[in-house]
Amino acid sequence: MLDAKIPEGKLNDKWTDYKGHCKLVNPTNKRKLEIIVVGTGLAGASAAASLAELGYKVKAYCFQDSPRRAHSIAAQGGINAAKNYQNDGDSVFRLFYDTIKGGDYRSREGNVHRLAEVSTNIIDQCVAQGVPFAREYGGLLSNRSFGGTQVQRTFYAAGQTGQQLLIGAYQALERQVALGNVKMYTRHEMLDVVVIDGKARGIICRNLITGELERFFGHAVLLCTGGYGNVFYLSTNAMGCNVTAAWKAHKKGAYFGNPCFTQIHPTCIPVSGEYQSKLTLMSESLRNDGRIWVPKKQGDNRPPNEIPEEERDYYLERRYPAFGNLVPRDVASRAAKERCDAGYGVGSSKQAVYLDYADAIKRYGKIEASKHNLENPSSEEIKRLGDEVVKEKYGNLFDMYEKITGENPYVVPMRIYPAVHYTMGGLWVDYELQTTVPGLYCLGEANFSDHGANRLGASALMQGLADGYFVIPYTIGNFLADEIRTKEIPTTHPAFEETEKAVAERLETLINIKGTETVESLHKRLGKIMWDKCGMARNAQGLKEAIEEIRALKKEFWSNVKIPGAINEMNFELDKAGRVADFIELGELMCIDALERNESCGGHFREEYQTEEGEALRDDNNFMYVAAWEMKNDGNWEVHKEELHYDVVHPSQRSYK
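No experiment lies behind these values; they were computed from the predicted model shown.

1. Points about the pairing of strand β7 (residues 199-207)
Part 1 of the reasoning: Counting buried positions along β7 yields eight of nine residues, so the element is predominantly enclosed.
Part 2 of the reasoning: For strand β6 (residues 188-196) and β7, the ladder comprises eight bridges, and the chain directions are antiparallel. Paired with Glu189 across the two strands is Arg206, which belongs to β7.
Part 3 of the reasoning: Linking β6 back to β7 in an antiparallel pair, the connection comprises two residues, with Asp197 at a positive phi of about 50°.
Part 4 of the reasoning: Of the pairings in the sheet, the one linking β7 to strand β8 (residues 213-217) comprises five bridges and is antiparallel in character. Across the sheet, residue Ile203 finds its bridge partner in β8, namely Phe216.
Part 5 of the reasoning: Between β7 and β8, which pair antiparallel in sequence order, lie five residues; one of them, Gly211, sits at a positive phi of approximately 85°.

Dropping the structure here:
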């Protein structure tokens, strides 16, 4: 039975009581302990900076040329916190409740309540670091709405919140680098975990510049390596995002939790052709003011501005009047797919819906006209004033859209369609963020812990910084307090030798296949299988077919992949090949997990299990658990179930109507 180590007592007191009773490491002993942090996005940079500030010796690794290249920089819309600055009824409990409900009752109460509690500290921390959050006229921090909530709790910095937060964490990290407390290794990719006497004690990295394999010891290892959305090939993730670090840990004994829980983001620029290798996200914050619609008539090819109001279907407002355009991402995504599948899609592909800012521009324009005491302003003046307000709030997003599509969203509605975005699944961790391998921790999107079957918008940044700044500095002490007598293990230890040998042999095997298929083409084929049969909608027949197709693709990969160049040099194709090989194995597990879960919940939508109105139909009697998969051998897994218990929130059919 999996032990999540959730503290006893009342939900409100669990985290406080835990902090008061967890083991501590005194400052002198901290200086003797080494911690490896893999990944330097929000979770990794904040964890490395915080642990070094406490006195630990930290080694940090990223495969980019700088920590500032981490994909956290791409987050646009904002970060949630229960500050209740708007005085609109928000509270720690309400943030906790919205997150549990948004995750369709498939997340842990203890973890989510802790996340809500520390959310307020994150904002104070970031303001102190100089993060330029948007502010109201009087200087107070501004908030906006996001999906799945009825309050305004999302703090933001225009449409580049992730970038500004990462710069804050990066500055904290670089301060510790300058002080000598953190040793930074850029262009290093972790290719395996070294386990000694059952505990994680180091990693094997490939130096991506020279191609050499290098060994590193640590008393504990933290994986902060992000999500695995690129298993679908086309996603909103940067092309370098991968699952390799987490997958290597999985193969060394770390259970993988809920791998099939994938988030589809409803607000993405639609696919435009076969040539695309990535998709571009338009922030969910745009749903704060934009209205989503399709024509009421099937196959209506008129330009959007020629379709009168009475011939438009604002389908989210019609179907979900209480939340309207701000329903959670999984709900909005399925609704868009349903409209397009029914023949109401727009654009050349008919796989898009409109996101329209005309009403918001007019509303803001009238408010500005009143501020300036303009009587009977013309429609042109109202439009000009409204454009200025929208530009201040969302300008960089509008500019990005116009640059990619060639259309001016101030004049013509944006076209959007759902796309793969975030992964709620990841390495299984307990309350302390420790995996099933002692000494191996997992933070941020790389773990499964806080979001259930669907992540609410603006919660990814919150979780990454909560884990790094406020959770791991306490919880890792519970493990390291018993390691103060453990001396540094030399990297000549047989476990290091054997692990590096296995990594080297795999690289040799890859480079010597000398096939005819490029890595990119095989990755694209995997992505099509995953999107068609384990994407926005799944069914048993499709999943069974996908499993067989992925197994056949795996055989083809290992017999016919073409990798030019050599091992002991910079070789991007070799790097990519290793990542795609791991994606293929992960894809099989995702389909197995989706096939085993005979229910619909959040982003996991099994077509056989839906209400009469087409909503997700959970089966709480049989599937109220975390599926934690253990790899027994290559292509063979065993599932372990962590039962979920709800003492405060009582699960019910989600309704946003």
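2. Details of the side chain of Thr161
Part 1 of the reasoning: One can find Thr161 in helix α6 (residues 161-179).
Part 2 of the reasoning: On the basis of relative accessibility, which here comes to 1%, the residue Thr161 falls in the buried class.
Part 3 of the reasoning: Apart from residues no more than four positions distant in its own chain, Thr161 is found in contact with Ala75, Gln76, Gly77, Gly78, Ile79, Phe133, Phe155, Tyr156 and Leu461.

3. Examining the packing of α6 against helix α12 (residues 460-480)
Part 1 of the reasoning: Following both chains from N to C, one finds α6 and α12 inclined at 10°, their axes separated by 11 Å at the closest point. With respect to α12, the axis of α6 lies roughly parallel. In this structure, α6 uses Thr161, Gly162, Leu165, Gly168 and Ala169 to contact α12, whose residues at the interface are Leu461, Leu465 and Tyr469.

4. Observations concerning a nonpolar patch on the surface
Part 1 of the reasoning: A cluster of nonpolar side chains, contributed by Ile209, Met570 and Phe572, occupies part of the molecular surface with about 300 Å² of accessible area.
Part 2 of the reasoning: In this fold, Phe572 is placed in helix α16 (residues 572-596).

5. A look at the environment of Tyr656
Part 1 of the reasoning: Summarising the element assignment, Tyr656 is placed in the segment after β21 (636-643).
Part 2 of the reasoning: When its relative accessible area of 3% is taken as the criterion, Tyr656 is described as buried.
Part 3 of the reasoning: Taking C-alpha positions, Tyr656 is 26 Å from Leu11, a pair spaced 645 residues apart along the chain.
Part 4 of the reasoning: If sequence neighbours within four positions are ignored, Tyr656 has contacts with Lys101, Gly102, Gly148, Tyr320, Pro321, Ala322, Phe323, Val327, Pro328 and Val331.

Conventions and cut-offs
Residues numbered from 1 in each chain as written. Predicted model: local features only at pLDDT ≥ 70, side-chain atom pairs only at ≥ 80, totals over all residues. Heavy atoms only, no water. Buried < 20%, exposed > 50% of the residue type's maximum accessible area, 1.4 Å probe, protein only. Helix = DSSP H or I, 4+ residues; strand = E, 2+ residues; numbered from the N terminus. Pairing = 2+ DSSP bridges. Contact = heavy atoms within 4.5 Å. Axes fitted to C-alpha atoms, helices over the stretch in contact; angles between N-to-C directions. Parallel < 35°, antiparallel > 145°, perpendicular 65-115°, else oblique. Patch = residues over 30% accessible without salt bridge, like charges linked within 9 Å, V, L, I, M, F, W, Y side chains within 5 Å. Areas by Shrake-Rupley, 256 points an atom, 1.4 Å probe, with all protein chains shown as cover. Salt bridge = Lys/Arg side-chain N within 4 Å of Asp/Glu carboxyl O.

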